[in-house]
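Each chain is listed here by its residues.
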Amino acid sequence: MRVGLALSGGGARGIAHLGVLKALDEQGVKVSMISGVSSGAIAGVLYAYGYTPDEILKLIKELSVFHVMRPVFGKRGLLHLEEVEKLFNKYLGPQLRFEDLKIPVVVSATEMNEGVTAYFSSGSVIKPLLASSAVPILYQPVLYEGKTLNDGGLLNNLPIEPLHNNCDVKIAVHVNPVNHQAQITTLTGMIERTVMLAINNNVKLRLNKCDLFLEPKELKSYRLTSFRKADEIFDVGYRYAMHMERYIRQHVNK
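Residues numbered from 1 in each chain as written. Predicted model: local features only at pLDDT ≥ 70, side-chain atom pairs only at ≥ 80, totals over all residues. Heavy atoms only, no water.

Undergrad: Let's hear about the packing of helix H3 (residues 53–62) against helix H7 (residues 230–243): which residues, and what values?
TA: Orientation of H3 relative to H7, taken along the N-to-C sense of each, is 155 degrees, at an axis distance of 10 Å. Viewed along their axes, H3 and H7 adopt a mutual orientation that is roughly antiparallel. Here H3 runs over H7; the crossing is right-handed. Taken together, the residues of H7 that come into contact with H3 (itself represented by Pro53, Asp54, Leu57 and Lys61) are Ala230, Asp231 and Phe234. Its residues assigned to classes, the contact of H3 with H7 comprises four nonpolar, no polar and three charged. (Axes fitted to C-alpha atoms, helices over the stretch in contact; angles between N-to-C directions. Helix = DSSP H or I, 4+ residues; strand = E, 2+ residues; numbered from the N terminus. Parallel < 35°, antiparallel > 145°, perpendicular 65-115°, else oblique. Left-handed = near helix turned anticlockwise from the far one by under 90°. Contact = heavy atoms within 4.5 Å. Nonpolar A, V, L, I, M, F, W, Y, C, P; charged D, E, K, R; others polar.)

Here it is in C-alpha cells:
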C-alpha cells in the first residue's frame, strides 16, 4: 500500500507532526509520499531528508525563534527570512533538490498575484520551503521562479490534492483544532484567532478527500507560538497517533 501523508500548517502546533511520524515509524507504517504546508512542510522535508522525529525535535528546541525573527520593516513585511534560510542551508544544504529526498515531498505555497496555490515537487527545496511558511504582512514574500509566494495555508492548509492518483491511502494530519471555549483578551490573540478560523474553513472543504483524518484535540490549548512547549506538543502528537493505531492499521493493511 502506498501511504501518503498530508501535513497541515500550525506554527508551534506543527511539532505534533513529529510525534505522529514517530508513532508511524514504531507502527511499521512506511510513508510513500508527503504533502506539507508551512510547519507541516518543514517537518515533512526534514523527515524525508533522513532526520528522525526525535532529531528534528532536538533541532527545533535548540533554535531561538527570536533570533530568526529580526524586524526589517520592509514594504511588504515586517520580518525577513534570511536567518531562517541560513538554518535550512545548514541542516539541509543550500543545493538540496526535491529529487534528493528519500521520500517524495510536495511543498505548497500561495502565489499572491494570481491568488492560487503553487505546488513544488522538483528542483530546489529551500526557497519553496521558506515561502510555504512566510505569513503575509509578518514576513516578506519569497520571490522564486517569477512568482510572489507566501504561506500556503492561506488557501489550502490541508494539501491532500497532490496525494491523489499517487497513493492508495491518504492520511491527513491536522494540528489546528478549534478551541470553542477560547477567551480572547488581547489584540494579538484576536489576530491569531482570526487567522485560525479563516484557515480552518478551507480545511473543512477537504475532509471528504481523506481516507483517514487525524486531529489531536489536545492541541487546542496550545498557541501557534508555543515553541517553548515543544516537548509537550510532540508528546500530544505521539500519544494521539498511538491511540489511533487500530484505525491507522485498518487503512494501511487493507
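Undergrad: Residue-level account of the packing of helix H1 (residues 15–26) against H7, with values.
TA: The interhelical angle for the contact between H1 and H7, taken along N-to-C directions, is 40 degrees, at an axis separation of 7 Å. For the element pair H1 / H7, the angle class is oblique. Read as a crossing pair, H1 and H7 show a hand that is right-handed. Mapping the contact onto sequence places Ile15, Ala16, Leu18, Gly19, Val20, Lys22, Ala23 and Glu26 in H1 and Ala230, Ile233, Phe234, Gly237, Tyr238, Ala241 and Met242 in H7. Taken together, the residues of the contact of H1 with H7 break down into eleven nonpolar, two polar and two charged.

Shape is all these values report; function is a separate question.
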